[in-house]
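Working through the structure, step by step
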Amino acid sequence: MAEKIETLLKASRVIEPTEKTKAQAYIKDYEKEYQRSIADPEKFWDEIARELEWFSPWTKVLEWNYPWAKWFLGATCNISYNCLDRHVKSWRKNKVAVIWVGEKGEERIFTYAELSRQVNRCANALKALGLEKGDRVTIYLPKIPEQIVAMLACARIGLIHSVVYSGFSAPALESRIKDAESRLMITADVGYDRGKSTNLKKVVDDAVANCPTIEKTIVVRREQPGVALSASKEIDWNEWLEGQSTTCEAVALDAETPLYFLYTSGTTGKPKGVVHVHGGYMVGTYITTKYVFDLKDEDVFFCVADPGWVTGHSYIVYGPLLNGATILTAEGKPDYPNPGRWWDLIARYGVSIFYTTPTAIRLLMKYGEDWPKKYDLSTLRILGSVGEPINPEAWEWFHRVTGGDKPIMDTWWQTETGMILVTPLPCVPLKPGSATRPFLGIEADVVDREGNSIEKGGGFAVIKKPWPSMMRTIYKDPDRYLSYWNNIPGCYTAGDVCHKDEDGYFWFMGRADDVLKVAGNRISTAEVESALVSHAAVVEAAAIGKPHKTAGEMIKAFVILAQGQQDSHELIKSLKDHVLKELGKIAVPREIEVVTSLPKTRSGKIMRRVLKAKELGQDPGDISTLEE
Ligand code: PRX
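Below is a summary of the structure that appears in this document.

Definitions and limits used
- Residues numbered from 1 in each chain as written.
- Predicted model: local features only at pLDDT ≥ 70, side-chain atom pairs only at ≥ 80, totals over all residues.
- Heavy atoms only, no water.
- Helix = DSSP H or I, 4+ residues; strand = E, 2+ residues; numbered from the N terminus.
- Rg over C-alpha atoms; globule rule 2.2 N^0.38 Å.
- Buried < 20%, exposed > 50% of the residue type's maximum accessible area, 1.4 Å probe, protein only.
- Contact = heavy atoms within 4.5 Å.
- Areas by Shrake-Rupley, 256 points an atom, 1.4 Å probe, with all protein chains shown as cover.
- Lys, Arg positive; Asp, Glu negative; His and termini not counted.
- Charge placed at Lys NZ, Arg CZ, Asp CG, Glu CD.
- Salt bridge = Lys/Arg side-chain N within 4 Å of Asp/Glu carboxyl O.
- Near = heavy atom within 4 Å.
- Polar contact = N/O pair within 3.5 Å; in protein donor to acceptor, adjacent residues only side chain to side chain.
- Pairing = 2+ DSSP bridges.
- Axes fitted to C-alpha atoms, helices over the stretch in contact; angles between N-to-C directions.
- Expected span 1.5 Å × (residues − 1).
- Core = buried A, V, L, I, M, F, W, Y, C linked by side-chain atoms within 4.5 Å.
- Domains from an automatic or database assignment.
- Right-handed = clockwise from strand over helix to strand, strands pointing away.

Some points on the overall build of the protein chain
Looking only at helices and strands, one finds 21 helices and 30 strands in the protein chain. Taken over the C-alpha trace, the protein chain has a radius of gyration of 24 Å; the compact-globule value for 628 residues is 25 Å, and the two agree within 12%. Taking the principal axes of its C-alpha atoms as reference, the protein chain extends roughly 70 × 60 × 55 Å. For the protein chain, buried positions account for 62% of its 628 residues. Here the contacts in the protein chain between residues at least 6 apart in sequence split such that 71% fall between residues at least 24 apart. Carbon and sulfur atoms make up 50% of the accessible area of the protein chain, which totals about 24200 Å². Across the protein chain, the centroid of the 79 positively charged side chains sits 2 Å from that of the 83 negatively charged ones.

Quick notes on the pattern of salt bridges
For the structure shown, the criterion picks out 52 salt bridges. The residue Asp294 makes a salt bridge to Lys296 at a minimum N-O spacing of 3.2 Å. For the pair Asp294 and Lys296, one class covers both residues: buried. Between Lys612 and Glu553 there is a salt bridge, and its shortest N-O distance comes to 3.9 Å. Taken as a pair, Lys612 in helix 21 (residues 608-615) and Glu553 in strand 29 (residues 552-561) lie far apart in primary sequence, 59 residues in all. On the basis of relative accessibility, which here comes to 30%, the residue Lys612 falls in the partly exposed class. When its relative accessible area of 18% is taken as the criterion, Glu553 is described as buried. Linked through salt bridges whose partners overlap, the residues forming this network are Lys546, Lys556, Glu591, Glu593 and Glu615.

Quick notes on the site of the ligand
Near the ligand you find 17 residues, and of these Asp410, Thr411, Thr415, Asp496 and Arg522 are the closest. A distance of 2.9 Å is found between an oxygen atom of the ligand and a side-chain nitrogen or oxygen belonging to Gln414. In isolation the ligand exposes 530 Å². Once the protein is present, 95% of that is buried. Counting only elements with at least two residues in the shell around the ligand, the list comes to helix 13 (310-322), strand 20 (408-411) and strand 25 (506-511).

Digging into the environment of Trp467
Looking at the secondary structure, you find Trp467 in the loop between strand 22 (457-463) and strand 23 (473-474). Separated by 25 residues in the primary sequence, Trp467 and Ile442 place their C-alpha atoms 6.9 Å from one another. Residues contacting Trp467, with those up to four places away along its chain left out, are Trp71, Thr417, Met419, Leu421, Ile442, Arg472, Trp485 and Tyr492. A polar contact of 3.0 Å, which involves the side chain of Trp467, links it to the backbone oxygen of Thr417.

Overview of the sheet that holds strand 29
With respect to topology, three strands assemble into an open sheet ordered 28-29-30, the strand pairing being mixed. Lying at the two open borders of the sheet, with one neighbouring strand each, are strand 28 (538-548) and strand 30 (591-594). Taking the axes of each pair of neighbouring strands and ignoring which way they run, one obtains an average angle of 25° across the sheet. Where strand 28 meets strand 29, 10 bridges bridge the pair, whose relative direction is antiparallel. In the strand pairing of strand 29, Gly545 is matched with Ile555. Relative to the sheet, helix 20 (residues 569-582) contacts strand 28, strand 29 and strand 30, its axis offset from that of strand 30 by approximately 125°.

Observations regarding helix 12 (residues 278-292)
Taking 1.5 Å of rise per residue, 15 residues should cover 21 Å, and helix 12 covers 21 Å from first to last C-alpha, within 8% of that figure. For helix 12, a buried count of 15 out of 15 residues is recorded, marking the element as mostly surrounded by other parts of the structure. Phi turns positive one or two residues past the end of helix 12, at Asp294, with a value near 50°.

Examining the nonpolar core
Counting 121 residues, the largest nonpolar core has Trp54, Trp240 and Tyr318 as the members making the most contacts within it. With eight residues, helix 8 (residues 145-156) is the largest single contributor of residues to this core. Counting contributing residues, this core receives three or more from each of domain 1 (19-81 + 254-440) and domain 2 (106-194 + 207-250). Ignoring sequence-local partners within four residues, the contact set of Trp54 consists of Ala49, Phe72, Ala75, Thr76, Cys77, Ala255, Gly279, Met282 and Val283. One finds Leu516, Leu575, Val579 and Leu583 within the second-largest nonpolar core, a separate group that totals 38 residues.

Observations regarding the environment of Val518
As for its placement among the helices and strands, Val518 is situated in strand 26 (residues 515-518). For Val518, a relative accessible area of 13% translates into the label buried. Separated by 12 residues in the primary sequence, Val518 and Phe506 have C-alpha atoms spaced 22 Å apart. When residues no more than four places from it in sequence are discounted, the contact partners of Val518 are Ile523, Ala551, Glu553, Ile555 and Ile586.

Digging into the pairing of strand 30
Examined bridge by bridge, strand 29 and strand 30 share four bridges and lie parallel to one another. Bridge assignment links Val559 to a residue of strand 30, and that residue is Val594. After leaving strand 29, the chain enters helix 20 and then returns to the sheet as strand 30, a path that is right-handed.

By themselves, these figures tell us nothing about what the structure is for.
Right, dumping it as structure tokens:
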């Protein structure tokens, strides 16, 4: 790894911001602003928070009781009010908030006033079901506008949403509903993926059958004739909203009121419910969207994520709407119906800010530069990347095909952090492959195991001070929350390995733990392993990540078969199908190898590191703890 970093660093060139970029940017002098912000972070966050509307003010910016944080103490607010009412009261009332394009080419456009009416009707419908502040609602929807409407409606009346990515299978959905003890499910009949429809309703039926807390299921029916609904428990989305008033006052909530749970993978098989709250999350997503992307009223902001993941929560829904932006969101894959899909959307809607992922860029690279060349991309001015390290080759390609003069914001952050933490701002000189420097108000560092700062070299990425949009806990599992802060003394450990260069630039190298990043999706080896051993033919399993040209990483699993089982094509296929059924497509191992033993420590822990080294033909390092 060290060698790889050295070559990377040597190869890197520095790209200075253009005069034009600098002239229009909110932040023109990063060093000065950064020093000012960290000299007194509370003052910095206090000033930012004042750009938003609060129903009543705070008495204290931060209460820090290591590692528990409370921000904007005593203040009341509502994030949905700031996403909608704040704009509806202004000239932005009839500004376009959301442009949605479906996989089949359908288009739906919502102004701030229209989005607000839909959200209010949905909030009233939620109230009519008897849902009350603090109740949980699971949203399992494809990327359609109802997903955004439902999230904001929950927020408006103090319900906690738990959005589950619609690619997850029934058991994965079930465990997330159970953990959250949701009272309501909002879903759709189908989702579309490269022209094929997936039956989401069936997944929900299977999951909800084992979830007694769910009282009703709301179904958005996209197909004609509409799927049959059971009269007692299931309601059609349109019928549900029919007759509901288009006004619904946003509830004044204490700033620390939970806004959502979002389940993410850790090092165990059980996903963790990351908890975010109204006040601090609102401040963090608002200002990062504004400064990182230099977001202005004239912009069209296109973020390709799905609201099923944190990027969609923070940079499709909350961050852009808090800024009164116009968002473009599109269902479907970057290469369907052809590899010009996203370039075409950029040209058609005059997109000026385009936030995407390394995996998508690498996929588009495979189809060549002729595709982007076909379209007028001259409206673009700021680009973004998120979710995994971007290799310099992909960075350079993205930079070149979009005109060669638009800065790429390589944004590093996590579900837990809520907002972007390490990132360039448009005025910062760029190095392809580096997420550059910490965002304003953020004290990020690279340290050794003892927490000593590393001036130049590799170590662990940490954050040394609390920030407003940090997760407040892991739902029902405070110990798991504590473990982020107990790992390295005095700081939040992100779980990433990182290299800091002589200019203090951060180069994120991947995870330090057993979490994989497959096409930017976060999957734990333990989840894949527990899915595999739940198959009758498998007694033990170990999963590792292997480098993959497009997806960054791919999953390879090693399995020990039960007595009497034979390795065969059919068996491997059945194991893959089983993981698909248990977890979903994103977690299916690309390769499965049958073995007779696995490397273990004397205490019986599988040494995945050794498996990985062997697989990649590398030196396994210290194997003194290996049993055999
Ligand atoms: O390993 C880092 C990687 O994604 C992890 C967080 O994953 P998740 O919670 O799913 O959130 C993804 C979207 C924010 C991090 O621990 N990661 C995210 N962004 C980058 C990154 N690695 C390198 N460079 C990035 N820009």
